[in-house]
Amino acid sequence: MKHQLSIYGLTVLIAVASAVLTFTTTSVSAQASGPVPTPTDGKKTMNKTDSAPHPYTGMWVTKDGYIRHELLPGGRYDEARGKRKSAYQGSYRVTGSHIDYVDDTGFTADGEFRDGILYHAGMVLYRER
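All values derive from a computational prediction rather than experimental measurement.

**Quick look at the packing of aromatic side chains**
For any pair of aromatic rings, geometry is given as the distance between the ring centres together with the angle between the planes.
Then, number 1: Here the structure, examined in full by the defined rule, presents three aromatic pairs.
Then, number 2: Ring centres 3.7 Å apart and planes at 5° place the aromatic pair Tyr56 and Phe113 in the stacked group. Of the two residues, Tyr56 sits in the loop between β1 (45–46) and β2 (58–62) while Phe113 sits in strand β7 (residues 108–114), which places them 57 residues apart along the sequence.
Then, number 3: Given the relative accessible area of 22%, Tyr56 is considered partly exposed.
Then, number 4: When its relative accessible area of 5% is taken as the criterion, Phe113 is described as buried.
Then, number 5: For the ring pair Tyr77 and Tyr101, a centre distance of 5.2 Å and an interplane angle of 85° mean the geometry is edge-to-face. Here Tyr77, found in strand β4 (residues 76–81), pairs with Tyr101, found in strand β6 (residues 98–103); they are 24 residues apart in sequence, far enough to count as distant.
Then, number 6: On the basis of relative accessibility, which here comes to 6%, the residue Tyr77 falls in the buried class.
Then, number 7: Members of the aromatic cluster, each reached through a chain of ring pairs, are Tyr56, Trp60 and Phe113.

In structure tokens form, the structure reads like this:
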């Protein structure tokens, strides 16, 4: 039994270390990336150093209006859920039509923009006009 617990403990330790390493690498990469070309074509990347707003900035909303996902200029986002404003906040990075998110707690997610629709974590969000 003692042997099984130590293997379990080692497995947990490896999983935690891997998660910390992944988050640290993502954070360092995001901070270390220098200026990026302005998003004039679909293959450019947007991050905090861009001076012009990205074409995807603005409010994205689920059909029922429950999820309100605002992509702010400068690479930050603010997500409301129902009556809960700012339920999640963090940073995002757009590369072409792909978006990567890191919320302020370190949770990561991604999505795709296709035909004017944002597909993100099983949700379908539409641009609010």
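Past the structure itself, the notes keep going.
**Here's the deal with the confidence of the model for the chain**
Then, number 1: In this model, the chain carries an average pLDDT of 73, and 60% of its residues clear a pLDDT of 70 or more.
Then, number 2: Across residues 1–50, confidence stays below pLDDT 50; counting only partners more than four residues off in sequence or on other chains, it has 38 contacts.

**Quick look at the pairing of β6**
Then, number 1: Pairing between strand β5 (residues 84–95) and β6: six bridges, direction antiparallel. Looking across to β6, one finds that Val94 is bridged to Ile99.
Then, number 2: Count of turn residues in the β5/β6 antiparallel hairpin: two residues, of which Gly96 carries a positive phi of about 65°.
Then, number 3: Where β6 folds back on β7, the antiparallel hairpin that results is connected by four residues, among which Gly106 adopts a positive phi of roughly 105°.

**A few points about the pairing of β2**
Then, number 1: A large share of β2 lies buried, amounting to four of its five residues.
Then, number 2: Of the strand pairs in this sheet, β2 and strand β3 (residues 67–72) are connected by four bridges, and their pairing is antiparallel. Paired with Gly58 across the bridge in β3 is Leu71.
Then, number 3: The antiparallel pairing of β2 with β3 creates a hairpin that spans four residues between the two strands, and Gly65 there sits at a positive phi of about 80°.
Then, number 4: Of the pairings in the sheet, the one linking β2 to strand β9 (residues 123–127) comprises three bridges and is antiparallel in character.

**Some words on the environment of Gly96**
Then, number 1: If you trace the backbone, Gly96 turns up in the loop between β5 and β6.
Then, number 2: It is 9.1 Å that separates the C-alpha atoms of Gly96 and Glu112, two residues lying 16 residues apart in sequence.

Rules used throughout
- Residues numbered from 1 in each chain as written.
- Predicted model: local features only at pLDDT ≥ 70, side-chain atom pairs only at ≥ 80, totals over all residues.
- Heavy atoms only, no water.
- Phe/Tyr/Trp six-rings, centres within 6.5 Å; stacked < 30°, edge-to-face > 60°.
- Helix = DSSP H or I, 4+ residues; strand = E, 2+ residues; numbered from the N terminus.
- Buried < 20%, exposed > 50% of the residue type's maximum accessible area, 1.4 Å probe, protein only.
- pLDDT = per-residue confidence, 0-100.
- Contact = heavy atoms within 4.5 Å.
- Pairing = 2+ DSSP bridges.

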